[in-house]
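Each chain is listed here by its residues.
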Amino acid sequence: MNWRCMSSGSARVCVRMVGHKMEESYSETLKEQMSVVEMPLSDPPLCISCCPVNGDLLVGCKNKLVMFCLKYLVINQNLTVLDFERSLILHIDNLIPAEVAFCARHIAVTTELDVLILKLELVQQSADRTEQCAQGVSAPEKAEDGGVRDESPSTHTLQLELDEFIICQKPVELLGEESKLCEIPITLESTELPTEDTKRFQVQYLLFRRFAPDQSPFGFCEETKLHSLQLLPVYQTGSSATACEETENERRLLSLFCFFSLPHVGYLYSIGKLVELISTYQYSEKSEQAVLTPQFLHVITSQNLQCFTVRCSAAAARDEDPYIDTTVKACPPVTLDVCTLRMQLFIGPRALCHFKNHIILLTKADTEDITERRKPTRRMLSRKADSIKSRTNSESEPGWNLYIINTVSTIQLYREMVDYSRTYENVKTESCIHLLSEAHLLVRAAIMDPHFLKSNEKDDLLRAFRESCAFLGDCYSRFDTKDYHLALPYYRMSGLSMTEVLKRLVSEGDEMRTYERGFIFYLTHSLNEDSSEELSKESGNKVLQVFYFADPVQLPHILCSPCMRNVCPLTAVKYLQKVEKMMPSVILTLTKAFLALKMGDLTMYEHEMDSYKETTLACGFIGQPRLLQQRKEGIVMPTEFAVHLKEMQPGLLVAATVALHENSKIELEEADTFFKMLCSSSENTIPQLLVDFWEALLVVSSQEEIIQELLLRVTSQYVWRISKKQLPETKPLKTTEDLINSCSHFGLIFPWVTSIMSVGCSSDKDYHEDISRLQSLLCSRSINIASALPVLEPLTEADNVGLTIRVLCNTHLGKYEEAIDQLLKRCPDAAVFYAQHELKGDNQALWWNKLLPELCKRARLTGNDGPVLISSLKETLSVVAVELELRDFLSLLPEDGTAAFFLPHLLHCSQRKLLT
């Protein structure tokens, strides 16, 4: 290690302690030296692991695991060096680790037959945390001391006897929360200097598994031990938009996998969001070592280097993309059986490691007789036997070889797997799907590599990925399999158009054949989507042929797809006529009428539309809304059918749209856009047909939120037309009387409103319908007046119309006195009509507390309204004389009033008293 630079005499390698005088060590010869860092330990190290995510180290010792955190220290402007700090010790009783693995605060540790996986979780820092940790560490030490003191001679003799035997515990597997039951206590001891940034951890148990030794008639196999413990991280896919800008230290961990192996069986677990066993690997012979990569599992035995497929990319894809396993995207299942890809013969493989696309293999060619080496030796497993084993110094032995093997490129292996799958293509077996799924996962794993964007094979991999999706789509379309629905997402991921898929699956001139469920499923969903792709006439006829033979009920729905716009109408009608003989329906009749319009055959159109009543036809559109409206880039567009109905049967069009809304086939805002486009109206113009739709929807809607929205909309439109003196462009479908009779939100117009309007201006007669609708709305109790006041504001200065609106609003708000003042000021002859209708129950006292004094006060003033006020006063006195006692009535009369005027009312009040 003490290399010397001959020119300067300085050491090529410097040896330093962890964290010791970093500035001095790099003051002079920093550019010429390699640093060896020594990490002192109180116990001999048994195993070590480096975290591939952040470079932290984990050292396994007897009854403890020691964690060293990697730190970057800035020496000067030109140099940043690495150092480590011992930060945490995990004390684990009665544990002698054979192997440890460390990754992203996940810890895996194995003994000969036990596996324990933990996670260090960050907890909130507290003031007394350090003291608690220190107290927790002392417990194991006390227990050990106590155990020594209590040991007696008899106990020692018993221990010597037990050393001759092995006690095998029952195999167990505990996952997730259940793994706490493993009864392996762990105490954390923080060893770093406490600061504000000090991280505090707690232990979460993820997995515990205990195995039993292999048994035979002659005893136990002493070689049943776990080996090849490994934690494999999978990062955010390299195809993400920001992946190329991320450094390796900033890569986001997506999934984490743990692998460990027995001599004849390997186990792969996912320990991300859910801890579960993904795959089990059965080896053909006893394994020596295994290495897991995102694409393969490499295993060495006594004579072979074997390669197995893995499911890491399938599990990681589901962690990354929530749309996996939907109709949008798919991925082969994690539970897919693994298979062996290659098996290569080597003499005496001893050790194995993997780096990028290289496998490094160390072998030892033994000189002993092969037959003798293969003779099975059996003996009882004894702990004393381990001490008898003799070891030969390997440095003096010949026959060691080191191989560096280049793995086959992903693209080449993918091609080989695809070619091999074609041998099963004609027999339509699951083996073809299995092979193609393996090829797909192989490419997917390569794409998920963080260095994917910088790879020279980037374009080839993306092309292979789309191609593999297309091949899988073909299999699920052609084969009779329970997972036929996967044809849809795989074809979507392939980027193939519907026309290209049809060319792959439907041959020219093929008129009679059986189509599998996967193909029909793909076509049905693709045609029912609002796609911008339009099939050619020939492709459309192929689709008609396929559905006629496979699922004739779907023909009317298929013909309404925007993709089938170019299909021959005459051919489509012929297919529909054949289906109608077997299964007639309203939707089929409407579809035939739609096609008749396309052909310009109005006679056929009228014949089809006369086959059912208008109500039945309106409900028929619920089954296929695209007869009336289709979506283009998210916008609802009217069809030719809707345009024709607008001119010839607007009532049916409105009724059908109402039915669509009530059955959640169209939203209110979409209906607004639909009618505006249908009537060629601008964004700010409300066509009468849309108002008809709102009014019709008010009749049937039961949702209070929708009702209030509609009431505000129709109110706003009525007010706009009245204030702007605008007439509707088309005749309304319903009169005010029709709405009052059919809709509870339109009330009977009050008599006092009619009284006011009877003396109105003749110019209002042109807008009588809008005025009466608005007044009818306000005469009901449905509308929220507080919300409607801003909408009604333009009418507040109008003549009689504005007066009725103001009084109706005040009445709704309970402002009866203001309403009376308004009427007495503007239309006194309607005041009594108003009082008779509104001043009842709790408001009856306003007759004598408000109306009578106001009339008396105003009657004193002579004017044009004198006779009207006198008449209203007499009516009011008649009502008050009936309701009040004589004394109370007398107290209300003005002192300066004419006795002859009030006397008849006084007599009437007194006579009523005598009669009672």
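As shown above, the structure is provided for reference.
These figures come from a predicted structure and were not determined experimentally.

Explain the nonpolar core to me, using residue names and the numbers behind them.
Membership of the largest hydrophobic core comes to 129 residues, with the highest contact counts inside it found for Phe641 and Phe693. In this structure, Met67, Phe211, Val265 and Ile271 belong to the second largest nonpolar core, which totals 49 residues.

Tell me what's going on with the pairing of strand E3 (residues 47-50), and back it up with residues and numbers.
On E3, burial follows the alternation: Cys47 and Ser49 on one face are buried, whereas Ile48 and Cys50 on the facing-out side are not. Hairpin connection of E3 to strand E4 (residues 57-61): 6 residues between the antiparallel strands, including Gly55 at a positive phi of 85°.

Explain the pattern of salt bridges residue by residue, including any values.
Note on pairing: side chains with opposite charge can pair once their charged atoms come close. Scanning the model with the defined rule gives 30 salt bridges in all. Two residues, Lys180 and Glu177, come together in a salt bridge whose shortest N-O distance is 3.2 Å. Just as Lys180 is exposed, Glu177 falls in that class too. One salt bridge in this structure joins Lys592 and Glu580, with 2.6 Å as the shortest N-O distance. With a gap of 12 residues between them, Lys592 in helix H15 (residues 586-599) and Glu580 in helix H14 (residues 569-582) connect regions that are remote in the sequence. Since its relative accessible area comes to 5%, Lys592 is described here as buried. Relative accessible area serves as the criterion here: at 24%, Glu580 is assigned to the partly exposed category. Linked through salt bridges whose partners overlap, the residues forming this network are Glu669, Asp672, Glu709 and Arg713.

Give a description of the environment of Ser287 that names residues and reports values.
Counting through the fold element by element, Ser287 comes out in strand E19 (residues 287-292). Along the backbone, Ser287 and Pro349 are 62 residues apart, and their C-alpha atoms lie at a distance of 10.0 Å. In this structure Ser287 touches His227, Ser261, Leu262, Pro263, His264, Val299, Ile300 and Thr301, once residues within four positions along its chain are discounted. A distance of 3.3 Å separates the side chain of Ser287 from the backbone oxygen of Leu262, its partner in a polar contact.

Reading the values: the criteria
Residues numbered from 1 in each chain as written. Predicted model: local features only at pLDDT ≥ 70, side-chain atom pairs only at ≥ 80, totals over all residues. Heavy atoms only, no water. Core = buried A, V, L, I, M, F, W, Y, C linked by side-chain atoms within 4.5 Å. Buried < 20%, exposed > 50% of the residue type's maximum accessible area, 1.4 Å probe, protein only. Helix = DSSP H or I, 4+ residues; strand = E, 2+ residues; numbered from the N terminus. Pairing = 2+ DSSP bridges. Salt bridge = Lys/Arg side-chain N within 4 Å of Asp/Glu carboxyl O. Contact = heavy atoms within 4.5 Å. Polar contact = N/O pair within 3.5 Å; in protein donor to acceptor, adjacent residues only side chain to side chain.

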